[in-house]
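Spelled out, the chains give:
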Amino acid sequence: MMSLLLDIFDTFRNTLDDVAPIIGTLFFFQYVVLKKPLANLERILIGLFMVVLGLTLFLVGLKEAIFPLGDAMARQLTNPAFLYETGQTPTYLWNDYFWVYIFGFSIGFATTVAEPALIAVSIKAEEISGGAISAFGLRMAVATGVAIGVSIGCFRIVSGTSLWTYIVVAYVVVLLQTMMAPKMIVPLAFDSGGVTTSTVTVPLLAALGLGLASTVPGRSPVIDGFGLIAFASVFPIMAVLAYAQFSAWLIRRQK
C-alpha cells in the first residue's frame, strides 16, 4: 500500500511537470498578451488541480491494471495449453489463433464505444448536422471499423507479414472512398480515425500488441508488437466513409 502511495505521489509530480508548460502558456497569453485578469481564478485553479490529479490516477491505473490485463489476456490466449488439446503437437499456424482475432475484434469494439473523445465528436456531429448524422450510427460505424482493424492487426502479428502492405492498401481504399463519398462526411471520417486512438483504446491495444508479439514464436515485440494503433486509426475512416456511402445509397433507393 505504501509503495502504491509513493507511486501516485511520484506520478503526480511528473504529471505536474508535464502540464506546467500548458498552464504557463495559457496564463502568459491571458495576462501578458491579452492583459486581462481571469474571471473565477479560484475555480480555474481548482479545476487545474483536478485535471492533474485525474491524469495522475489515470496513468497509475494504466500501469497497475490496463497494461497488465492486456498483456495477461494475450499470453493466456496464445498459451499452447489453451490452443491445443493434450498430446497435440503445436503447429503455431495463423488459423490456430482464432480466439485471438475474436478477442481483438471484441476489445476494439468495446473500447471504441466507451471512448470519451468519440462520444463528444458524435454528439457535436449530430447537433451541427441537424440530425442528418446519427451520433449512435457514427459511433457504431467507428467501433466496427476499429474492431475489424484490430482483428486484422492481430492476424498481421501472428502471421508475421509486413505492416506497410496493409497500411498502403488501406489508404488506397480510403482515397478511392474519399472520391466517391458525400463531401460533408469526409472531414468527419478522417477526424473519427484520430479520436478513436485516445485514452481508453490506446493503452489496451498497445498492451495487446506487445503481449501477443512476445508470446507468438518467432515474433519480436519491437518489430511486430506495435502497429495495432495504426490499424485502429485507418479502418474507422474506411468504416465511416462506407457508412455514409451506404446511407446515401439507401436514400437514393427510397426516392
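Everything that follows concerns the structure shown earlier in this document.
Draft legend 1. Just the overall build of the protein, in detail. Each helix and strand counted, the protein has 11 helices and 0 strands in total. The helix and strand sequence of the protein, counted from the amino end, reads α-α-α-α-α-α-α-α-α-α-α. Considered along the principal axes of its C-alpha atoms, the protein spans approximately 75 × 65 × 25 Å. In the protein, which comprises 255 residues, the proportion classed as buried is 36%. Sequence-distant contacts, at least 24 apart, represent 76% of the contacts inside the protein between residues at least 6 apart. Summing over all exposed atoms, the protein offers an accessible surface of approximately 14600 Å²; the carbon and sulfur share of this is 71%. Within the protein, one finds 14 positive and 14 negative side-chain charges whose respective centroids are separated by 13 Å.

Draft legend 2. Focus on the packing of helix α6 (residues 135-159) against helix α9 (residues 201-215). As a packed pair, α6 and α9 sit with axes 10 Å apart at the nearest point and diverge in direction by 25°. The pairing of α6 with α9 is recorded here as roughly parallel in orientation. You can see that α6 and α9 cross each other, and the crossing is right-handed. The residues of α9 that touch α6, namely those facing Val150, Cys154, Ile157 and Val158, are Leu205, Leu208, Gly209, Leu212 and Ala213. Its residues placed into classes, the contact of α6 with α9 shows 8 nonpolar, 1 polar and no charged.

Draft legend 3. Representation of the environment of Trp99 in the model. Secondary-structure assignment places Trp99 in helix α4 (residues 98-113). For the pair Trp99 and Leu83, spaced 16 residues apart in sequence, the C-alpha separation works out to 8.9 Å. The contacts of Trp99, once residues within four sequence positions are left out, are Leu77 and Phe82.

Draft legend 4. Inspection of the side chain of Ser122 at higher detail. As for its placement among the helices and strands, Ser122 is situated in helix α5 (residues 116-128). Looking at Ser122, the relative accessible area reads 1%, which means it is buried. Excluding anything up to four places from it in sequence, Ser122 contacts Ala135, Leu138 and Arg139.

Draft legend 5. Region of interest: the layout of surface pockets. Here the largest pocket is characterised by a volume of approximately 240 Å³. Around the largest pocket, the lining residues are Gly131, Ala132, Ile133, Ser134, Pro182, Met184, Ile185, Tyr243, Ala244, Ser247, Ala248 and Ile251. Within the lining of the largest pocket, the residues separate by chemical class into 9 nonpolar, 3 polar and no charged.

Draft legend 6. Molecular detail of the pattern of salt bridges. Summed over all chains, the structure comprises 3 salt bridges. Notably, a salt bridge pairs Asp7 with Lys63, separated by 2.9 Å at the nearest N-O pair. A residue pair is termed long-range when its members are at least 10 positions apart, and Asp7 in helix α1 (residues 2-33) and Lys63 in helix α2 (residues 41-77) qualify at 56 residues. You can call Lys63 partly exposed: its relative accessible area is 45%. Arg13 serves as the salt-bridge partner of Asp10, at 3.4 Å between the closest nitrogen and oxygen. Taken together, the residues Asp10 and Arg13, both in helix α1 and 3 residues apart, mark about one turn of the helix.

Draft legend 7. Spatial organisation of α4. Taking 1.5 Å of rise per residue, 16 residues should cover 22 Å, and α4 covers 23 Å from first to last C-alpha, within 8% of that figure. Buried within α4 are the following residues: Val100, Tyr101, Phe103, Gly104, Ile107, Gly108, Thr111 and Thr112. Looking straight down α4, one finds its buried side chains confined to an arc of 160°; they lie on one side. In this fold, the buried residues of α4 make contact with α2, α5, α6 and α9.

Reading guide: rules and limits
Residues numbered from 1 in each chain as written. Predicted model: local features only at pLDDT ≥ 70, side-chain atom pairs only at ≥ 80, totals over all residues. Heavy atoms only, no water. Helix = DSSP H or I, 4+ residues; strand = E, 2+ residues; numbered from the N terminus. Buried < 20%, exposed > 50% of the residue type's maximum accessible area, 1.4 Å probe, protein only. Contact = heavy atoms within 4.5 Å. Areas by Shrake-Rupley, 256 points an atom, 1.4 Å probe, with all protein chains shown as cover. Lys, Arg positive; Asp, Glu negative; His and termini not counted. Charge placed at Lys NZ, Arg CZ, Asp CG, Glu CD. Axes fitted to C-alpha atoms, helices over the stretch in contact; angles between N-to-C directions. Parallel < 35°, antiparallel > 145°, perpendicular 65-115°, else oblique. Left-handed = near helix turned anticlockwise from the far one by under 90°. Nonpolar A, V, L, I, M, F, W, Y, C, P; charged D, E, K, R; others polar. 1 Å grid on protein atoms, 1.4 Å probe; cavity = no way out; pocket = protein on both sides within 12 Å on 5 of 7 lines; lining within 4 Å. Points joined across faces, edges and corners; volume = space filled by probe spheres on them. Salt bridge = Lys/Arg side-chain N within 4 Å of Asp/Glu carboxyl O. Expected span 1.5 Å × (residues − 1). Arc of directions from axis to C-beta.

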